[in-house]
Protein chains: 2
Amino acid sequence: MCEANAYLIEGDENELIMEAVDRIEPEEDGIKLVSIFGDQKFLKAKIHSLSLVDHKVFLKK
Amino acid sequence: MCEANAYLIEGDENELIMEAVDRIEPEEDGIKLVSIFGDQKFLKAKIHSLSLVDHKVFLKK
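Residues numbered from 1 in each chain as written. Chains lettered and ligands numbered in written order. Predicted model: local features only at pLDDT ≥ 70, side-chain atom pairs only at ≥ 80, totals over all residues. Heavy atoms only, no water.

Participant: Would you mind going over the interface of chain A and chain B with me for this structure?
Facilitator: Interface extent is often summarised as the accessible area lost during association of the parts. Taken residue by residue, the interface counts 20 residues in chain A and 20 residues in chain B. Here chain A and chain B share an interface that buries about 1,700 Å² over both sides, 64% of which is from carbon and sulfur atoms. Applying the counting rule to chain A against chain B returns 0 salt bridges. Only strand S2 (13-27) and strand S5 (46-51) of chain A provide two or more residues apiece to the side of chain A that touches chain B. Ranked by residue count, the leading element in the side of chain A that touches chain B is S2 of chain A, at 6 residues. (Contact = heavy atoms within 4.5 Å. Buried area = accessible area lost by both parts, 1.4 Å probe. Salt bridge = Lys/Arg side-chain N within 4 Å of Asp/Glu carboxyl O. Helix = DSSP H or I, 4+ residues; strand = E, 2+ residues; numbered from the N terminus.)

So, in structure tokens, the structure goes:
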């Protein structure tokens, strides 16, 4: 499975926001994350970068 | 490996832009895609959505 972990970049630290992220949907004022289990999270953030081979999604405020 | 294919949504059609995408980096005026082979593409587009389990990245102008 190719789900990823989503991290929020805060200064020099990366805070783990959600594991096993499947779907990522940027919206008007933030971003929606949906895990492979169907859990949803909405964050007032945007995509900084993705590294799919590393299974990592980086978000920033 | 968890690379994905990147598609540009154009009307009802999805145009395959790049295969085997590893890194995705939104920039000021577009988006940079880097494949697992190191190929780079820059597109004047933004992320519509990602479906990691399906290995799909959808972009839109």
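Now that the structure has been shown, we can carry on.
Participant: For this particular structure, what's the right way to read the state of the cysteines?
Facilitator: In protein structure, a disulfide is the covalent linkage between the sulfur atoms of two cysteines. For the structure shown, the criterion picks out 1 disulfide over all chains. Bridging Cys-2 of chain A to Cys-2 of chain B, the disulfide has an S-S length of 2.1 Å. The sign of the -75° torsion about the S-S bond sets the Cys-2 of chain A-Cys-2 of chain B disulfide as left-handed. A residue pair is termed interchain when its members come from two chains, as with Cys-2 of chain A in the segment before strand S1 (4-10) and Cys-2 of chain B in the segment before strand S1 (4-10). Here the two residues Cys-2 of chain A and Cys-2 of chain B agree in accessibility, since each one is buried. (Disulfide = S-S within 2.5 Å. Buried < 20%, exposed > 50% of the residue type's maximum accessible area, 1.4 Å probe, protein only.)

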